[in-house]
Amino acid sequence: GSIQKTVYLPEAHNDFIMSVVGEETGFLGITVVMVLFALFFYRCYRVVLGQRNLRDRLTAYGLTLVIALSFLLNMAVILGNVPPKGIAMPFISYGGSSLLANMICAGLLLNYSRTVRE
């Protein structure tokens, strides 16, 4: 029932998926997505700080940064702060290569979470 995705948005299923989520689910839907990403990034932060080896810490930080920057840039495009760059929303946007890269990053972060010092 969205009007934006059929008339105004050029790539509603991949680059502008959050604007469609916002239109169809409202403030509550956007808030749920933002809270889920915040929890994911908090967990990634804990994985980064829990690594003993500097190489593992920097690798986990880089993997987190890949996902976080694509999230932040996509949200900036949706808000109109930056021009569209073609960066997909992690884990939500349609597209095989972006989803594959995000899943690889998440899988490596899960592997690093097994070696977190308590």
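Quick note: structure is the one above.
Just so it is clear, the structure is predicted and the values come from calculations on it, not from any experiment.

1. A closer look at unusual backbone geometry
Right, on to step 1. Even without a glycine there, the phi angle at Phe-91 is positive, about 65°.
Right, on to step 2. Taking relative accessible area as the criterion, Phe-91 reaches 30% and is therefore assigned partly exposed.

2. Some details on the packing of aromatic side chains
Right, on to step 1. Following the criterion strictly, the structure yields five aromatic pairs and no others.
Right, on to step 2. Counting every residue linked through ring pairs, the aromatic cluster contains Phe-37, Phe-40, Phe-41, Phe-71 and Phe-91.

3. Regarding helix H2 (residues 17-49)
Right, on to step 1. End to end, H2 covers just 32 Å across 33 residues, shorter than the expected 48 Å (1.5 Å per residue, more than 12% under).
Right, on to step 2. Listed as buried for H2 are Ile-17, Met-18, Val-20, Gly-29, Val-33, Phe-37, Phe-41, Cys-44, Val-47 and Val-48.

4. Observations regarding the nonpolar core
For soluble globular proteins, the rule of thumb is that nonpolar side chains tend to be buried together.
Right, on to step 1. Membership of the largest hydrophobic core comes to 18 residues, with the highest contact counts inside it found for Met-18, Phe-37, Phe-41, Ala-60, Phe-71, Met-89 and Leu-109.
Right, on to step 2. When residues of this core are traced back to their parent elements, those giving at least two are H2, helix H3 (54-79) and helix H4 (96-113).
Right, on to step 3. A total of eight residues in this core trace back to one element, the largest contributor, which is H2.
Right, on to step 4. If sequence neighbours within four positions are ignored, Met-18 has contacts with Ile-30, Val-33, Asn-74, Met-75, Ile-78, Met-89 and Ile-92.

5. Quick notes on the packing of H3 against H4
Right, on to step 1. Closest axis-to-axis distance for the H3/H4 pair is 10 Å, and the angle between their directions is 145°. In this structure, the crossing between H3 and H4 has a hand that is left-handed. Here H3 contributes Asp-56, Thr-59, Ala-60, Leu-63, Thr-64, Val-66 and Ile-67 to the contact with H4, which in turn contributes Asn-102, Cys-105, Ala-106, Leu-108, Leu-109 and Tyr-112.
Right, on to step 2. Split by residue class, the contact of H3 with H4 holds nine nonpolar, three polar and one charged.

6. Description of a nonpolar patch on the surface
Right, on to step 1. A cluster of nonpolar side chains, namely Leu-28, Val-32, Val-35, Leu-36 and Leu-39, defines an oily patch on the protein surface of about 490 Å² accessible area.
Right, on to step 2. For Leu-39, the location among the structural elements is in helix H2.
Right, on to step 3. Accessibility expressed as a relative area gives 53% for Leu-39, which makes it exposed.

How each quantity is defined
- Residues numbered from 1 in each chain as written.
- Predicted model: local features only at pLDDT ≥ 70, side-chain atom pairs only at ≥ 80, totals over all residues.
- Heavy atoms only, no water.
- Buried < 20%, exposed > 50% of the residue type's maximum accessible area, 1.4 Å probe, protein only.
- Phe/Tyr/Trp six-rings, centres within 6.5 Å; stacked < 30°, edge-to-face > 60°.
- Helix = DSSP H or I, 4+ residues; strand = E, 2+ residues; numbered from the N terminus.
- Expected span 1.5 Å × (residues − 1).
- Core = buried A, V, L, I, M, F, W, Y, C linked by side-chain atoms within 4.5 Å.
- Contact = heavy atoms within 4.5 Å.
- Axes fitted to C-alpha atoms, helices over the stretch in contact; angles between N-to-C directions.
- Left-handed = near helix turned anticlockwise from the far one by under 90°.
- Nonpolar A, V, L, I, M, F, W, Y, C, P; charged D, E, K, R; others polar.
- Patch = residues over 30% accessible without salt bridge, like charges linked within 9 Å, V, L, I, M, F, W, Y side chains within 5 Å.
- Areas by Shrake-Rupley, 256 points an atom, 1.4 Å probe, with all protein chains shown as cover.
- Salt bridge = Lys/Arg side-chain N within 4 Å of Asp/Glu carboxyl O.

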